[in-house]
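So the chains spell out like this:
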Amino acid sequence: MPIDKRRFAAVFLVGNLLLLGVGAGVVVGGVAVAVPTAGVGGFTVTFDELSGQGFQQYPTLENNSECSAYPASVAQIEKGTIEGLNLYKDIRTPTGDTVRVLITSDQTVRFNGLTQKFTYLRGDLTFDQGQTIEAGAPSAEVKNQLSLSAPSITIEDGRIKAQSQFVRSITLNGATVKTIVNPEDTSDLPKGQCAAPK
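Cut-offs used in this document
- Residues numbered from 1 in each chain as written.
- Predicted model: local features only at pLDDT ≥ 70, side-chain atom pairs only at ≥ 80, totals over all residues.
- Heavy atoms only, no water.
- Helix = DSSP H or I, 4+ residues; strand = E, 2+ residues; numbered from the N terminus.
- Buried < 20%, exposed > 50% of the residue type's maximum accessible area, 1.4 Å probe, protein only.
- Contact = heavy atoms within 4.5 Å.
- pLDDT = per-residue confidence, 0-100.
- Polar contact = N/O pair within 3.5 Å; in protein donor to acceptor, adjacent residues only side chain to side chain.

A few words now on the overall build of the protein chain. Secondary structure assignment for the protein chain yields 1 helix and 9 strands. For the protein chain, the succession of helices and strands along the chain, N to C, is α-β-β-β-β-β-β-β-β-β. When burial is assessed residue by residue, the protein chain has 34% of its 198 residues classed as buried. Counting contacts in the protein chain only where the partners sit at least 6 residues apart, residues at least 24 apart contribute 78% of the total.

On to unusual backbone geometry, then. With a phi angle near 50 degrees, Asp157 is a residue other than glycine that sits in the positive phi range. By secondary structure assignment, the location of Asp157 is in strand E7 (residues 146-171). With relative accessibility at 52%, the residue Asp157 sits in the exposed group. If you check the backbone angles, Asn182 has positive phi at about 50 degrees while not being a glycine.

Another aspect to go through is the confidence of the model for the protein chain. Low pLDDT marks regions whose predicted coordinates should not be analysed in detail. Taken residue by residue, the protein chain gives an average pLDDT of 78. The fraction at 70 or more is 68%. For the protein chain, per-element mean pLDDT is lowest for helix H1 (residues 5-29), which scores 49, and highest for strand E5 (residues 109-126), which scores 94. Every residue in residues 24-39 scores below 50 in pLDDT, and together they form 31 contacts with partners more than four places removed in sequence or on other chains.

Here we take up the environment of Phe55. Looking at where Phe55 falls in the secondary structure, it is placed in strand E1 (residues 43-62). Taking the relative accessible area as the measure of exposure, Phe55 reaches 5% and is therefore buried. It is 8.9 Å that separates the C-alpha atoms of Phe55 and Lys79, two residues lying 24 residues apart in sequence. Contacts of Phe55, omitting those with residues within four sequence positions, involve Ala75, Gln76, Ile77, Phe127, Leu148, Ser149, Ala150, Pro151 and Ile153.

Right, let's talk about the environment of Asp97 for a bit. Relative to the helices and strands, Asp97 resides in the loop between strand E3 (85-92) and strand E4 (98-105). In sequence terms Asp97 and Pro183 are 86 residues apart; their C-alpha atoms lie 9.6 Å from each other. The contacts of Asp97, once residues within four sequence positions are left out, are Ile91, Arg92 and Asn182. A polar contact is formed between the side chain of Asp97 and the side chain of Asn182, at a distance of 3.2 Å.

Below, the structure is given as structure tokens:
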């Protein structure tokens, strides 16, 4: 089947302009990735080091198109910095290819009011000023049963499988947005398990 080069070029240009517009909105508007990703598998965040103040984490139960309930965690950090940030989403196309939408920054990222739901976290964690674990009585609210908090936290060589992420304000100097077709380093993070399948 012959390809109409003019139509292809027009669609390709419009698609890339939309992608760059979203990336520019993220960088200029101070809005991070507030992405509800139910049913589409979440996204991956990797970094060299995250240093944060005012840390709290608690468990929760979420749902999506595959599970009526699956275990996750919510982490909240009042403010902090990230070095070596990479945030990406791998999307499978009907042709079997994988397209990665990637946001990176080669400079220090500063943020305020981070809230992230995730199903997997790997990294070297340090609680510089101690930590507190609170266990409550069993209740209907999962988050009331167990929580972890600390005045400050450092995570080195972090790798997170996130379901959603919201940041009140963020500075993304040196950020770039690009797409990669069939990336070599496919995600090796384990898939979350359903607590109650549909």
